[in-house]
Amino acid sequence: MSATMALADRHKAAVPRGISTKTLYAARAQNAELWDIEGKRYIDFAAGIAVLNTGHRHPAVMAAVAQQTEAFTHTCFNVAPYETYIRLAERLNAAAPGDFAKKTMFVTTGAEAVENAVKVARRFTGRSAIIAFGGGFHGRTMMTMALTGKVSPYKKGFGPFPAEVYHAPFPKKSHGIDTAKALEGLRQIFLNDVEPARVAAIIVEPVQGEGGFNIAPFEFLQELRAICDEHGILLIADEIQTGIARTGRMFAIQHADVVPDLITMAKGLGGGFPLSAVTGRAEIMDAADPGGLGGTYAGSPIGLAAANAVLDVIESEDLCARATEIGTRMRNRFEELARRNSFSCIGDVRNLGAMVAVEFVKDRDSRKPDADIVTALIANAQDKGLILLSCGVDANIVRLLAPLTIPMEQVDEGLDIFEAALTEVVGKRQ
Ligand code: PMP
């Protein structure tokens, strides 16, 4: 029995099936490469789900963490605060869009950042309702499950959820929902469900991550800003997947020239160490009473040391420019594949920087989603040494999230494997 099969047996016996995983077990990783316990090498186009924008074990991140572990690993910020927390807050306040005073708080996971954004939005506005979007994903805690716009598997059987959460349609060209239709959906919520004066916040992913790499039209985000301004509603940009240089800007919403009131971030921020943040207008962030925010591990010194190094690396290696370069390289290659008759299963290729999606359909006329081909492609690519992820409410999208530090030869190597794997999968079907 292989080491992988033996571990898979123990895994199955010891870990609940609700945590779904791939079938490779990590042994070590460096930058955009990962080796499993069999010694097999993979190109990593998943980056731990958009966490490793600076790659696995970036030397600057590892050095900062090593230095921090020599000093202290945990004090609890409430008990004995530290400079690195304040420094990172200052840097994120400066990096976030908006020409006004900002403040930042740190927690540990993406869901926790969203929870806290909702808390401060409610406390500041004195209102309770939150509007989110169909197909959106905001986490697996009770409030973030309520905000998430996809039932299976994220919400199935886990309710009841916190009340006063409403879902508007997200603009999705491939589903015939343009900006006007999506805004009409929002208007219907104001007519049918809740008056705008009771809405604390609208939370939106500038590019839906789990929901299928759906890029919000910039005018849609601008309209949301205008609606929020008209009704005193706060705009929360959930940049947990899109942020930290992934799309070619520090935050994806900057592409649309929209200034949100609050931004949630996590994933890429800690460069592989758990850390999340909420950055926002100072007066909103200050609304909660002392003791109302925080947590034992909130703003871990290790995560903060890593994140301060991540911001240095984004600057020194110009990772925003690299995101654009990687995204363009991938998109060109996928568009070239999509032009071939044999790959009429490719229904759409889209990207915002290095958030790249290839959408698979049964045929281009019906545009019916094809999840089977995605499952087969991802399995075949894994056999050939490439780690890919799917996404989308219909699970018919392959998402590419390579580290922004990946050498271009490895981008090409990964794309070659993608093409070879897809050629085989399509060949087997004919
Ligand atoms: N918001 C978005 C946009 C996300 O992509 C995710 C994670 N995929 C989350 C929130 C939740 O983050 P976490 O898993 O760290 O709780």
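Residues numbered from 1 in each chain as written. Predicted model: local features only at pLDDT ≥ 70, side-chain atom pairs only at ≥ 80, totals over all residues. Heavy atoms only, no water.

1. Topic: the overall build of the protein chain
Now for step 1: Looking only at helices and strands, the protein chain features 13 helices and 17 strands.
Now for step 2: For 430 residues, the compact-globule formula gives about 22 Å, and the C-alpha radius of gyration of the protein chain, at 21 Å, lands near that figure.
Now for step 3: Each principal axis of the C-alpha distribution contributes one length, and for the protein chain these read about 60 × 55 × 45 Å.
Now for step 4: Sequence-distant contacts in the protein chain: of pairs separated by 6 or more residues, those separated by 24 or more amount to 71%.
Now for step 5: Working note: accessible area of the protein chain is about 18000 Å², and carbon and sulfur atoms make up 54% of it.
Now for step 6: With 45 positive and 50 negative side-chain charges, the protein chain shows a spacing of 5 Å between the two charge centroids. (Helix = DSSP H or I, 4+ residues; strand = E, 2+ residues; numbered from the N terminus. Rg over C-alpha atoms; globule rule 2.2 N^0.38 Å. Contact = heavy atoms within 4.5 Å. Areas by Shrake-Rupley, 256 points an atom, 1.4 Å probe, with all protein chains shown as cover. Lys, Arg positive; Asp, Glu negative; His and termini not counted. Charge placed at Lys NZ, Arg CZ, Asp CG, Glu CD.)

2. Let's talk about helix α4 (residues 83–95)
Now for step 1: Taking 1.5 Å per residue, 13 residues should reach 18 Å; α4 reaches 18 Å between its end C-alpha atoms and fits that length.
Now for step 2: Every buried residue belonging to α4 is among Thr 84, Tyr 85, Leu 88, Ala 89, Leu 92 and Asn 93, and all of these are buried.
Now for step 3: Structurally, α4 contributes buried residues whose contacts are with α3 (59–71), β4 (102–107), β11 (262–265), β12 (276–281) and α10 (301–316). (Expected span 1.5 Å × (residues − 1). Buried < 20%, exposed > 50% of the residue type's maximum accessible area, 1.4 Å probe, protein only.)

3. A word on the packing of helix α11 (residues 319–338) against helix α13 (residues 408–429)
Now for step 1: Where α11 contacts α13, the two axes come as close as 11 Å, and the packing angle between them is 25 degrees. One element, α11, and the other, α13, form an angle in the roughly parallel class. Where α11 crosses over α13, the handedness of that crossing is right-handed. Counting all contacts with α11, which are made through Arg 322, Glu 325, Ile 326, Arg 329, Met 330, Arg 333, Phe 334 and Leu 337, the residues of α13 involved are Met 408, Val 411, Asp 412, Leu 415, Asp 416, Phe 418 and Glu 419.
Now for step 2: Tallied by class, the residues present in the contact of α11 with α13 amount to 8 nonpolar, no polar and 7 charged. (Axes fitted to C-alpha atoms, helices over the stretch in contact; angles between N-to-C directions. Parallel < 35°, antiparallel > 145°, perpendicular 65-115°, else oblique. Left-handed = near helix turned anticlockwise from the far one by under 90°. Nonpolar A, V, L, I, M, F, W, Y, C, P; charged D, E, K, R; others polar.)

4. So, the domain arrangement of the protein chain
Now for step 1: Split into domains, the protein chain comes out as domain 1 (3–57 + 318–429) and domain 2 (60–316).
Now for step 2: Taking the mean C-alpha position of each, domain 1 and domain 2 sit 26 Å from one another.
Now for step 3: In this complex, domain 1 contributes 34 residues to the contact, which on the side of domain 2 involves 37 residues.
Now for step 4: Between domain 1 and domain 2, the buried area comes to about 2700 Å², and carbon and sulfur atoms account for 61% of it.
Now for step 5: Of all residues in domain 1, the largest losses of buried area upon contact with domain 2 belong to Leu 352, Met 355 and Val 393, amounting jointly to 26% of the total for that side.
Now for step 6: Among the ionic pairs, Arg 399 bridges to Glu 210, the shortest N-O distance being 2.9 Å. (Domains from an automatic or database assignment. Buried area = accessible area lost by both parts, 1.4 Å probe. Salt bridge = Lys/Arg side-chain N within 4 Å of Asp/Glu carboxyl O.)

5. Brief notes about the site of the ligand
Now for step 1: Thr 109, Gly 110, Ala 111, Phe 137, His 138, Gly 139, Glu 205, Glu 210, Asp 238, Ile 240, Gln 241 and Lys 267 make up every residue found near the ligand.
Now for step 2: Ala 111 is positioned such that a nitrogen or oxygen atom in its backbone is 2.8 Å from an oxygen atom of the ligand.
Now for step 3: Asp 238 places a side-chain nitrogen or oxygen 2.8 Å from a nitrogen atom of the ligand.
Now for step 4: Computed on the free molecule, the ligand has an accessible area of 390 Å², of which 84% lies beneath the protein chains in the complex.
Now for step 5: Tallied by class, the residues present in the shell around the ligand amount to 3 nonpolar, 5 polar and 4 charged. (Near = heavy atom within 4 Å. Polar contact = N/O pair within 3.5 Å; in protein donor to acceptor, adjacent residues only side chain to side chain.)

6. Observations regarding the packing of α4 against α10
The axes of two packed helices give the description: the angle between them and the distance between them.
Now for step 1: The interhelical angle for the contact between α4 and α10, taken along N-to-C directions, is 35 degrees, at an axis separation of 9 Å. As α4 packs across α10, the resulting crossing turns out to be left-handed. Between α4 and α10, the residues in contact are Thr 84, Tyr 85, Arg 87, Leu 88, Arg 91 and Leu 92 and Leu 304, Ala 307, Asn 308, Leu 311 and Asp 312, respectively.
Now for step 2: Looking at the contact of α4 with α10 residue by residue, the class counts come to 6 nonpolar, 2 polar and 3 charged.

7. As for the sheet that holds strand β16 (residues 389–391)
Now for step 1: Taking strand neighbours across the sheet as the criterion, the 4 strands line up as β13-β14-β17-β16 in an open arrangement whose pairing is antiparallel. The sheet terminates laterally at β13 (346–352) and β16, the two strands that pair on one side only. Between one strand axis and the next, the sheet turns by 30 degrees as a mean value, whatever way the strands run.
Now for step 2: Looking at chain direction, strand β14 (residues 355–360) and strand β17 (residues 397–400) are connected through 4 bridges and run antiparallel. (Pairing = 2+ DSSP bridges.)

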